[in-house]
Amino acid sequence: YLRSSVILVNYIKGAYFTGLYSSAFKFVEASILIPQSFALALFPQTARLLVSDKKKLLGNYFNSLAIIFGFSIIYALFFYFFSPLIIKIAYGFDYLGAVPVMKILAFASIFFFLNVLPGNVIQNSTKVKNFLVYALLNLVLVFIFGIMLIPRYSIEGAAWAVLSAEILGFVINNAFVWKILNEKN
């Protein structure tokens, strides 16, 4: 799923633009480890509370979302404001065309961070198989948005496609979590 926008850029725009896009995307891809580590630490508690105390889990969920949101804002602002310097140091001047992509993906990273936590609740629930349709929908949305935006806006269109799909994914994921946490055992 995560690399689908890279595949689309390669198919629609070719190797040169894929290189530019990938250079910015690598930083976002690597950043996923931060919220995944946090969610992994919460996994046992989430599993226990999902069975024993959904009300407490809901409170913990919102507190954890707030913490992850705080980290994601710091991360996004750092990459937004320092993207020219980061690209120059990591890849050189030839890759400065990736800066606008990194700036857009900086905001997508907020939703990458936030989407890890609902995944934790969903994976611990008995409804994980029911969620597969929604996960597939998110993949399809990236492709649809990418096919619409990449031909017109090039690699920035791919980044906008990712951001759009992540925002919609956040809404879908949290609606599903809300449903899980409000159903009776």
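**Quick look at the confidence of the model for the protein**
Move 1: Summarising the model, the protein shows a mean pLDDT of 94, and 99% of its residues fall at 70 or more.
Move 2: The element-level mean pLDDT for the protein is lowest in helix α3 (residues 33-52), coming to 91, with helix α1 (residues 4-13) highest at 97.

**Considering the packing of α3 against helix α5 (residues 99-124)**
Think of two packed helices as two axes; the pair is described by the angle between the axes and how far apart they sit.
Move 1: At a minimum axis separation of 9 Å, α3 and α5 run at an interaxial angle of 30°. By the criterion of interaxial angle, the relationship of α3 to α5 is roughly parallel. Every pair of crossing elements has a handedness; the one defined by α3 and α5 is right-handed. Taken together, the residues of α5 that come into contact with α3 (itself represented by I34, P35, Q36, A39, L42, F43, T46, A47 and L50) are F113, V116, L117, N120, V121, Q123 and N124.
Move 2: Taken together, the residues that form the contact of α3 with α5 break down as 11 nonpolar, 5 polar and no charged.

Definitions and limits used
- Residues numbered from 1 in each chain as written.
- Predicted model: local features only at pLDDT ≥ 70, side-chain atom pairs only at ≥ 80, totals over all residues.
- Heavy atoms only, no water.
- pLDDT = per-residue confidence, 0-100.
- Helix = DSSP H or I, 4+ residues; strand = E, 2+ residues; numbered from the N terminus.
- Axes fitted to C-alpha atoms, helices over the stretch in contact; angles between N-to-C directions.
- Parallel < 35°, antiparallel > 145°, perpendicular 65-115°, else oblique.
- Left-handed = near helix turned anticlockwise from the far one by under 90°.
- Contact = heavy atoms within 4.5 Å.
- Nonpolar A, V, L, I, M, F, W, Y, C, P; charged D, E, K, R; others polar.

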